[in-house]
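Close look at the chain arrangement
The chain contents come next:
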Amino acid sequence: MNYAARSTRSLPLWTAIGGLIAGTLDICYAITYWGVTVHVPAQRILHSVASGLVGREAALAGGASTAALGLFLHYFIALVMAAVYAFAATRLKWMRQHPWLASTLYGLWLFVAMNFIVVPLSRAGGKGLPDDVVWIVLSIAVHVAFVAWPIAWAVNRAMKGASNAR
């Protein structure tokens, strides 16, 4: 197999790496923020993620198994976010030419989509944003710097490798 073929095939791998980095940074932020500010244990944070699929009552009653489900769902969502970015970047040249701008806009969109579309439509029962302004500001920054930028870095790394090999 030649280098060009290997580089082209690395896009799915690097997209997954970006999604895993983003998922890890994001969940570490959530666990740290809620743990420090209101002493919520990590398992409860993972329950809140699982509640989007199974509902709040079931998530809280499920113990370690629904915490594991929440962790799985969190990473699944991060990998989907990375895949969507990679798909768009392969088709929109400006995203490859201006990755900082593209990923910043993508991070802002992710914040809006998660808080005003995904969570309200889920079984978690959330409607809009909490009253915690610090959380809102930090969450916007996290969606950009901890989620979208690592995804863009990974996707662009793969795409530069592919374009350099041609």
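The paragraphs below set out a description of the structure included in this document. Predicted, not measured: the structure shown is a model, and the values here were computed from it.

This part takes up the overall build of the protein. Of the regular secondary structure elements, the protein holds seven helices and zero strands. Walking the protein from its N terminus toward its C terminus, one meets helices and strands in the order α-α-α-α-α-α-α. In terms of overall dimensions, the protein has a C-alpha envelope of 55 × 30 × 30 Å along the principal axes. Counting all 166 residues of the protein, 37% fall into the buried class. Long-range pairs, those at least 24 residues apart, make up 66% of the contacts in the protein between residues at least 6 apart in sequence. For the protein, the accessible surface area stands at approximately 9,200 Å², while carbon and sulfur atoms represent 72% of it. In the protein, 12 positive and 4 negative side-chain charges are present, and the distance between their average locations comes to 26 Å.

Our focus in this paragraph is a nonpolar patch on the surface. Together, Trp109, Val112, Phe116, Ile117, Val118, Val119 and Leu121 line one region of the surface with nonpolar side chains, adding up to about 640 Å² of accessible area. Tracing the chain through its elements places Val112 in helix α6 (residues 99–121).

In this section: the packing of helix α2 (residues 42–54) against helix α4 (residues 64–91). Where α2 meets α4, the axes come as close as 7 Å, and the angle between the chain directions of the two elements is 75°. As far as their axial angle goes, α4 and α2 are roughly perpendicular. Between α2 and α4, the contacting residues are Gln43, Leu46, His47, Val49, Ala50, Leu53 and Val54 on the first element and Ala64, Thr66, Ala67, Leu69, Gly70, Leu71, Leu73 and His74 on the second. Across the contact of α2 with α4, the residue classes tally to ten nonpolar, five polar and no charged.

Definitions and cut-offs
Residues numbered from 1 in each chain as written. Predicted model: local features only at pLDDT ≥ 70, side-chain atom pairs only at ≥ 80, totals over all residues. Heavy atoms only, no water. Helix = DSSP H or I, 4+ residues; strand = E, 2+ residues; numbered from the N terminus. Buried < 20%, exposed > 50% of the residue type's maximum accessible area, 1.4 Å probe, protein only. Contact = heavy atoms within 4.5 Å. Areas by Shrake-Rupley, 256 points an atom, 1.4 Å probe, with all protein chains shown as cover. Lys, Arg positive; Asp, Glu negative; His and termini not counted. Charge placed at Lys NZ, Arg CZ, Asp CG, Glu CD. Patch = residues over 30% accessible without salt bridge, like charges linked within 9 Å, V, L, I, M, F, W, Y side chains within 5 Å. Salt bridge = Lys/Arg side-chain N within 4 Å of Asp/Glu carboxyl O. Axes fitted to C-alpha atoms, helices over the stretch in contact; angles between N-to-C directions. Parallel < 35°, antiparallel > 145°, perpendicular 65-115°, else oblique. Nonpolar A, V, L, I, M, F, W, Y, C, P; charged D, E, K, R; others polar.

Purely spatial values, then, with no claim about function.
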